[in-house]
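# Structure assessment
Given next are the chains, with one letter for each unit.
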Amino acid sequence: MNSIIFMGPPGAGKGTQAKILCDTLGIPQISTGDILRAAVKNGTQMGLEAKKYMDAGDLVPDSVVIGIIKDRLVEPDCKNGFLLDGFPRTVEQADALDKILSTEGLKIKRAINLEVPDQELLERLLKRAEIEGRSDDNETTIKSRLETYNKKTLPLLDYYAAKGNLSRVNGVGNLDVVTKLIEKELA
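Residues numbered from 1 in each chain as written. Predicted model: local features only at pLDDT ≥ 70, side-chain atom pairs only at ≥ 80, totals over all residues. Heavy atoms only, no water.

### A closer look at the environment of Gly81
The line we're drawing: A run of H or I in DSSP becomes a helix once it reaches four residues, and a run of E becomes a strand once it reaches two; helices and strands are each numbered from the N terminus. Burial status follows relative accessibility: with a 1.4 Å probe on protein chains alone, a residue under 20% of its type maximum counts as buried, one over 50% as exposed, and anything between as partly exposed. Contacts are residue-level and defined by heavy atoms, with any inter-residue pair within 4.5 Å sufficient.
Along the chain, the position of Gly81 falls in strand β3 (residues 81-85). Look at Gly81 and you get buried, because its relative accessible area is 0%. In contact with Gly81, other than residues within four places in its own chain, are Met1, Asn2, Ile27 and Pro28.

### Some remarks on the UniProt feature "binding site: ATP" (unreviewed entry) in the chain
Selection rule: UniProt positions are given in the numbering used here, feature names are shortened, and annotations may be inferred rather than shown by experiment.
With numbering matched to this structure, UniProt assigns "binding site: ATP" (unreviewed entry) to Gly11, Ala12, Gly13, Lys14, Gly15, Thr16, Arg128 and Gly173. Within the element layout of this structure, Thr16 appears in helix α1 (residues 14-25). The exposure class of Arg128 is partly exposed, given its relative accessible area of 23%. What Arg128 contacts, discounting residues up to four positions off in sequence, is Gly133, Arg134, Asp137 and Arg145.

### Description of the packing of helix α2 (residues 32-41) against helix α3 (residues 45-55)
Here is the rule: Only the contacting stretch of a helix is used when fitting its axis, a line to C-alpha atoms as for every element, and angles between N-to-C directions run 0 to 180 degrees. In these notes the angle categories are as follows: under 35 degrees is roughly parallel, over 145 is roughly antiparallel, 65 to 115 is roughly perpendicular, and the rest is oblique. Rotating anticlockwise by less than a right angle from the far helix to the near helix defines a left-handed crossing, while the corresponding clockwise rotation defines a right-handed one. Each residue is assigned to one class: nonpolar for Ala, Val, Leu, Ile, Met, Phe, Trp, Tyr, Cys and Pro, charged for Asp, Glu, Lys and Arg, and polar for all the others, Gly among them.
Interhelical geometry of α2 versus α3 gives an angle of 115° and a closest axis separation of 7 Å. By the angle between their axes, α2 is roughly perpendicular relative to α3. α3 is crossed by α2, and the crossing has left-handed handedness. Across the interface between the two elements, Leu36, Arg37, Ala39 and Val40 of α2 pack against Met46, Gly47, Ala50, Lys51 and Met54 of α3. For the contact of α2 with α3, a count of residues per class yields six nonpolar, one polar and two charged.

This is the structure in structure tokens:
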């Protein structure tokens, strides 16, 4: 079973690479960002609550995100595996994920970290904001998101390295080259 986590700062290319990999492996991409943005767009109670945090560049509280993930992982399309894109973002979330998976007799096969320098990320996210018109992609919010990532999410690298399932992949360069680097780590 392919149970994969994609990690990396905002704008590292997790979503793009996840779509490619999920098509190849025939597993669903579970993007907390996409789920939360859909909830915001639909004006759900959870979406309105999440929007306050997202617009400020903060992480959505664990209780909301973990509940979403727990519900999603028991859906039938996850029985052969899944790719988590944007979750976990903290060591606490990783612990909660391990507990959820262990009740099903599962564990994470590989945690892949896409590594991209901050200046490159800023340029990518400002360009994305221009193209997609995303309110959460302005320079102030981007810098706040990168600070939050560096403070809260970077410790996950040590967490998964200690478990022996962390792969670090250079996320800068040609799309196909980055995809091949990821596939090599999963082989």
